[in-house]
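# Reading the structure
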Amino acid sequence: MSSSDTISVDNLSYSYTPNTPLSLADINLHLPPGSRTILIGANGAGKSTLLQILAGKRLVSVDGADIRIKGRDVFRDSPPGVTYLGTEWVMNPVVRGDIVVSHFLDSVGGYRHKERRDRLLDILDVDLDWHMHAISDGERRRVQLCFGLMVDWDVLLLDEVTVDLDVLVRDELLQFLKSDSETRGATILYATHIFDGLGHFPTHIAHMRFGSFVTPPTPWPFTDAPALVTSESGARSTLYNVALQWLREDRDHRRSLEGQGDMKKRGARRGQDVPTDSEAFYRK
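Now for a quick tour of the structure. Remember, predicted model here, so these are calculated numbers, not experimental data.

### Points about the sheet that holds strand E2 (residues 24-31)
What the 4 strands build is an open sheet, ordered E2-E1-E4-E5; its pairing is antiparallel. A single partner strand is all that each edge strand has here, and the edge strands are E2 and strand E5 (72-73). As defined by bridge partners, strand E1 (residues 7-14) adjoins E2 across 5 bridges and the pair is classed as antiparallel. Bridge assignment links tyrosine 14 to a residue of E2, and that residue is leucine 24.

### Some details on the nonpolar core
Counting residues in each nonpolar core, the largest one holds 44 residues, and the members touching the most others are Val143, Leu149 and Leu177. Those elements giving two or more residues to this core turn out to be strand E3 (36-40), helix H2 (101-107), helix H3 (114-123), helix H4 (137-149), strand E7 (155-159), helix H5 (167-184), strand E8 (187-191) and helix H6 (238-259). Broken down by element, this core gets its largest block of residues, 5 residues, from H5. By size, the runner-up hydrophobic cluster in this structure holds 26 residues, among which are Leu12, Tyr14, Leu189 and Met208.

### Looking at the pairing of E1
Most of E1 is tucked away: 7 of the 8 residues are buried. Across 4 bridges, E1 lies against strand E4 (residues 66-69) in antiparallel orientation. When the bridges of E4 are listed, serine 8 appears paired with arginine 68.

### A short note on H6
Its 22 residues give H6 an end-to-end C-alpha distance of 31 Å, which sits within 8% of 32 Å, the value for a rise of 1.5 Å per residue. Every buried residue belonging to H6 is among Thr238, Leu239, Asn241, Val242, Ala243, Trp246, Asp250, Arg254, Leu257 and Glu258, and all of these are buried. Residue glycine 261 follows H6 closely and has a positive phi angle near 85°.

### What about the packing of aromatic side chains?
Within this structure, the stated rule accounts for 5 aromatic pairs. Between tryptophan 220 and phenylalanine 222, the ring centres sit 5.1 Å apart and the planes meet at 75°, which makes this aromatic pair edge-to-face. On the basis of relative accessibility, which here comes to 22%, the residue phenylalanine 222 falls in the partly exposed class. Each member of the aromatic cluster is reached from another via a ring pair, and the members are Trp220, Phe222 and Trp246. Sitting above the plane of the phenylalanine 201 ring, arginine 36 keeps its charged end 5.7 Å from the centroid. Here the basic side chain of arginine 184 rests over the ring of tryptophan 153, its NZ or CZ set 5.1 Å away from the ring centre.

### Brief notes about the sheet that holds strand E6 (residues 82-85)
Taken in spatial order, the 6 strands make up an open sheet running E6-E7-E8-E3-E9-E10, and their pairing is mixed. Both outer strands of the open sheet, E6 and strand E10 (212-219), are each paired with one neighbouring strand and no more. Direction aside, neighbouring strands of the sheet carry axes that sit 15° apart on average. Bridging between E3 and strand E9 (residues 204-209) involves 4 bridges; their strand directions are parallel. Paired with isoleucine 38 across the strands is isoleucine 205, a residue of E9.

### As for the packing of H3 against H5
Relative to each other, H3 and H5 sit at 150°, their axes nearing to 9 Å. Here H3 lies roughly antiparallel to H5, going by the angle between them. Here Arg116, Arg119, Leu120 and Ile123 of H3 come into contact with H5, specifically with Val169, Glu172, Leu173, Phe176, Asp180 and Arg184.

### What about the environment of glycine 267?
Along the chain, glycine 267 falls in the loop between H6 and helix H7 (278-283). Glycine 267 gets classed as exposed once you look at its relative accessible area, which sits at 64%. C-alpha separation for the pair glycine 267 and threonine 162, spaced 105 residues apart in sequence, amounts to 29 Å.

### Details of unusual backbone geometry
Residue proline 221 follows tryptophan 220 across a cis peptide bond; omega there is 5°. With respect to the helices and strands, the residue proline 221 is situated in the loop between E10 and strand E11 (229-231). With a phi angle near 50°, aspartate 26 is a residue other than glycine that sits in the positive phi range. Within the chain, phenylalanine 210 stands out as a residue other than glycine whose phi angle is a positive 50°.

Thresholds, definitions, all that
Residues numbered from 1 in each chain as written. Predicted model: local features only at pLDDT ≥ 70, side-chain atom pairs only at ≥ 80, totals over all residues. Heavy atoms only, no water. Pairing = 2+ DSSP bridges. Helix = DSSP H or I, 4+ residues; strand = E, 2+ residues; numbered from the N terminus. Core = buried A, V, L, I, M, F, W, Y, C linked by side-chain atoms within 4.5 Å. Buried < 20%, exposed > 50% of the residue type's maximum accessible area, 1.4 Å probe, protein only. Expected span 1.5 Å × (residues − 1). Phe/Tyr/Trp six-rings, centres within 6.5 Å; stacked < 30°, edge-to-face > 60°. Lys NZ or Arg CZ within 6 Å of the ring centre and 35° of its normal. Axes fitted to C-alpha atoms, helices over the stretch in contact; angles between N-to-C directions. Parallel < 35°, antiparallel > 145°, perpendicular 65-115°, else oblique. Contact = heavy atoms within 4.5 Å.

Read these as geometric descriptors, not functional statements.
Structure (structure tokens):
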């Protein structure tokens, strides 16, 4: 651990309930100020769990685990300047009520951060007269991002929050976040499954599989990264190709474990008899 690390995690293991398989196993993570790290991994790899723990949303009681942001214990001495944005926000019944966007932002202190709020309103193309109950999930996501980012942050934890955004808004938001990080030395940890147009954003990328790091945060771009390849769908970024390769390796590894009987097999169950009479079918 370096005293200059903004995010520092040592010996972190976590399971949702006792006597169940670990969701995170022996995680060690050290990120410097101003770094922008992309977490890559299949669904269920542990990315969201890690981000929620860093945000203090899930308590870790395992002896020996040390989880610090800006040198402060995330559970016992909560650090200021940490912003977490996840996908569950748009499903909250409070933000799906009949409230005008301008009133909502004022109610959470938007008037105190007018210059930054207004810049985000322009980037995210938000209409202040929208009613929260009458807009799409993508539009509601834009309001969430404006609400979450209008206060200066030192550490930003993002969990798939750009999934609902159109390509233009997403690109301009990423440019804003990159500039914010570079200007203020702020740190970003971002879990996503969308890699197109992301190649110039991260300073580091990391690969998670089954709750552990296969590749810890590594400076990006790789010095030996392959050149752009062109397929039937057009040119793809090297980051996209690295993510695709890692996810294929994850799937091959899982299928190997399934073949050895070490994991429950996924996919179709072939060769099973299907009831032919209606009574047996509906009873089943």
